[in-house]
Structures are given as structure tokens and as C-alpha cells.
Amino acid sequence: MAGIRVSTGEKHIEVNDNGDYITLNLNDNAFLDRFFALHERIQGMVEELAGREAELRASARDAGAEGLDSSRKEIFSLYKEAGGRIRAEVDTLFGEYTCQKVFGDITPSFELFFDFFEQLLPYLEEFAKEKAQRMRRYSAARTGNV
């Protein structure tokens, strides 16, 4: 029996000098939804943390030098915790150890996550163009369903 194979649209992208790669499953329509939803959640976290940081800084000014030291620690802790949560979500979306491959042994900042997402956008755009071209093969006029 000959069998069939369906191309799932997986795209392997090298992410470091060790040859490690991540896999984008671009024919999975849910992947794209999850990708953009995660990007929006990260943007929301940035806004939320900026507000929380402003509150902490304001209360620290009222408490003097001791308050400033305490607020700095709390602010850094907030960003570290947020980076850890995002790291877990990125690993869930792209596969286990994605952040390890991409960022190494750090808890990435928001800027690094945004840079990562921006570098992936051309792959998504290229896939969209290729998909539109492939879909023309199935148009009603071409398949005789006029």
C-alpha cells in the first residue's frame, strides 16, 4: 500500500549557534491565535507592571531611603516573576526548553520577549503568502465547481 503524507506546515527555525531550533506549526490555526494572544498578554503585563512600579516608587519616596531600597527589591521581584510566567507560556506555545534555547540561562526581560516575537513575524508573513498561493489551487473555477 502506497500511503499518504500530509504536510503539517511545521517550520524549523534555528535559534542559537548550537544548531538548536524551535518548531512553528503554521497550519495549526490555533497556534496563530495562541501566538497573538500571548503577545497581547505580554503587552498587558508591561502596562500592569509599569503601574505597579509607579505606585511602589511613589510610596517609597514617602518612606525615605529605606523605602527606596525596599521598593527596588520589590520592583525587581515583580519583573522577575513576570518573566518567569512568560517564559513558561512561551515554552508551552513553542515547545519545552524553547526559552533555554533562545535566551540561555536567564529570566528574559520584556524587551527580549518582544524581540523574539518580532523576529518570528516574517516567518508568519511568509507562511501567509505561501498559503494564499496554495489555496488558489482549490478555487471553484480551477476545480470545476463554477
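Described below are features of the structure shown in this document. No experiment lies behind these values; they were computed from the predicted model shown. (Residues numbered from 1 in each chain as written. Predicted model: local features only at pLDDT ≥ 70, side-chain atom pairs only at ≥ 80, totals over all residues. Heavy atoms only, no water.)

Quick word on the environment of Thr23
Part 1 of the argument: Along the chain, the position of Thr23 falls in strand β2 (residues 21-25).
Part 2 of the argument: The sequence separation of Thr23 and Ile4 amounts to 19 residues, and the corresponding C-alpha distance is 22 Å. (Helix = DSSP H or I, 4+ residues; strand = E, 2+ residues; numbered from the N terminus.)

A short note on the packing of aromatic side chains
Part 1 of the argument: For the coordinates displayed, the defined rule picks out eleven aromatic pairs.
Part 2 of the argument: On the basis of an interplanar angle of 75 degrees and a centroid distance of 5.7 Å, the ring pair of Phe31 and Phe94 is categorised as edge-to-face. Here Phe31, found in helix α1 (residues 29-63), pairs with Phe94, found in helix α2 (residues 65-94); they are 63 residues apart in sequence, far enough to count as distant. This pair shows no difference in class: Phe31 is buried, exactly as Phe94 is.
Part 3 of the argument: Between Phe103 and Phe116 the ring centres are 5.9 Å apart and the planes differ by 70 degrees, which places this aromatic pair in the edge-to-face class. With Phe103 in helix α3 (residues 98-103) and Phe116 in helix α4 (residues 110-135), this pair connects stretches of sequence that are 13 residues apart.
Part 4 of the argument: Directly above the ring of Tyr21 sits Lys101, whose terminal nitrogen or CZ lies 5.8 Å from the centroid. (Phe/Tyr/Trp six-rings, centres within 6.5 Å; stacked < 30°, edge-to-face > 60°. Buried < 20%, exposed > 50% of the residue type's maximum accessible area, 1.4 Å probe, protein only. Lys NZ or Arg CZ within 6 Å of the ring centre and 35° of its normal.)

Digging into unusual backbone geometry
Part 1 of the argument: Not every positive phi belongs to a glycine, and Tyr97 is a case in point at roughly 75 degrees.
Part 2 of the argument: Secondary-structure assignment places Tyr97 in the loop between α2 and α3.
Part 3 of the argument: By relative accessible area, Tyr97 is classed as exposed at 53%.

By themselves these figures say nothing about function.
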